Each structure stands twice: as C-alpha cells, then as structure tokens.
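A look at the structure
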Amino acid sequence: MRNEKRRLAIIASQGSLDWAYPPFILASTAAAMSWEVAVFFTFYGLTLLKKKITAKVSPSANPAMPMKMPFGPQGFQRIDWPMPNFLTANLPGFDHAATALMRQTFKKKGVATIEELRTLSLAAGARLISCQMTAEVFGFKHEDFIDGVEKGGAATFLEFAAEADVSLFI
Amino acid sequence: MSDTAFDQELDCRGLLCPLPILKAKQAVDGMAAGQVLRMLATDPGSVSDMQAWTRQTGHELLGHQEGDGVHTYYIRKS
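These notes cover the structure that comes with them. Everything numeric in this text was worked out from a predicted model, so none of it was measured. (Residues numbered from 1 in each chain as written. Chains lettered and ligands numbered in written order. Predicted model: local features only at pLDDT ≥ 70, side-chain atom pairs only at ≥ 80, totals over all residues.)

**Some details on the sheet that holds strand E2 (residues 36-41) of chain A**
Residue and element names in this part refer to chain A. The strand order E4-E3-E2-E1-E5 describes an open sheet built from five strands, whose pairing is parallel. The open sheet has two edge strands, strand E4 (149-152) and strand E5 (166-169), and neither has a second partner. Between one strand axis and the next, the sheet turns by 20° as a mean value, whatever way the strands run. (Pairing = 2+ DSSP bridges. Helix = DSSP H or I, 4+ residues; strand = E, 2+ residues; numbered from the N terminus. Axes fitted to C-alpha atoms, helices over the stretch in contact; angles between N-to-C directions.)

What follows is the structure, encoded as structure tokens:
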C-alpha cells in the first residue's frame, strides 16, 4: 500500500443503462479502496445525476446484446433469443421492454442498481461533478440533480486528472 | 481456518461485483482497528477482488476458504 492516496478520474459521457454502470462501479470501488475519485458527467452522462434515473438500453444500437428472459425454468432463461435488427429497431416499445428485462435480470443476479452505486460512491467520498456547459445546453437545473453534486468545467476536471493514477473516458 | 475468531460477520452471498467489496468497506468502517471481519460471498470474482482490495486498503486478508461455492474471508482491519 502506498502512503499517498491513489487517484481515479473518469469522464462519464453516456447516459444509457449499460453505459451507466462502468463509471459508478469503478468510482464506488475505487472510493472503497480509499482512492480519491472524481467523475465528470458531461453530455448524456449528465442525466445520470438526475434525482430519478431514467436510463434505458437499446438492443438495436447494441446488436451483440444477449436477449434473455429473467424468469421461467433455467433452460428457458439460458435461451439467447435471436432478435433481428429490423425488429428491435422498429417495434414500438422494444427498448422499454429490453430495459425492463435488463433491470429485472440484474436485480435477480445480485447486481446493484445505478442509484445504489451512486449513493455508495458519494458516501465513500467520490466527487460527482456536473458539466455546467452541458447543463446549460440541455436546460438542466442544479436542483434537478441529487444532493452532493458539484458544478465544474473542463479546467476543473483537468486539474484533478493531471494528478490521477487512472484516467478514463467512458 | 474455520475456527478463526471474528468480531463481525457479513453475508454477501448472492451479490455480484462490486457489492461484496462495497459492503466489506462499510462493515470495516464500523469496526475498530485489529478487529476481524468474517465475510461470506458466492461471487467467484470476489477471490481476486478481495485480495486487491485488502492490498489497496492495508487491511490484512488473514485467510480464505471455499466450499460448496461459498467463499469465506477473514479480514483484519488495519
């Protein structure tokens, strides 16, 4: 173990359910390892700071996504349902259904929710920084975000990242 | 190892990464230095993760055993 604290800097730029996991998993774990952590939320990533997270997942944008059912007998659950792209892209409500299935599967398998990981990240001392420029462009108010979120810009992130041991753009 | 004395127990069976680590951190935060945490987990990834976590935090991984898919860890708080 080093005496000086390690540091993790992340830019979270995506707001879909699948892309929401990596920044929060890494931030919460690094904070649990006593690292200094800052996550800079920009563009679609900014939506992950809202009080209610409405992140969805899109099978048509992710053709390799395994489509499995979170209920029924084991053999049924293991089936990887073939989903042609014309179907996933054009069937109304398909993303909504896929999102519900993914959330249910994650819960059943013992995976934390994004909200839980976010709370644990903050509790363990991770800094969550909202990109002020994106907030202005998207019309998000600071009150839309959960408590504990800082406002910042590129210079804020770069100053922190300059001393980081690990820097990631997600 | 199974008769190792411990001060607190944490059940992380059925939880996947990173929850066992996050819950271990919370448990250890509430303990005094030198106390031992016994933790149960079924996540196979926890074997490597618990080693990394204890190395990074300075807590001591006193031991690890596996049986019937359940991993038991003994961690002494630094």
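That covers the picture; the talk isn't over yet.
**So, the sheet that holds strand E4 (residues 70-76) of chain B**
Residue and element names in this part refer to chain B. If you walk across this open sheet you meet the four strands as E1-E2-E4-E3, and the pairing is mixed. Among the strands making up the open sheet, the edge pair consists of strand E1 (8-12) and strand E3 (60-67). Across this sheet, the average inter-strand angle for adjacent strands is 15°, counted without regard to direction. Pairing between strand E2 (residues 36-41) and E4: six bridges, direction antiparallel. Bridge pairing in E4 places Leu-37 opposite Ile-75. Contacting E1, E2 and E4, helix H1 (residues 19-29) crosses the sheet at an angle of about 160° to E1. Helix H2 (residues 46-57) rests against E2, E3 and E4 of the sheet, and its axis sits at about 175° to E3. (Contact = placed C-beta atoms within 7 Å.)

Interpretation in functional terms is not warranted from these geometric data alone.
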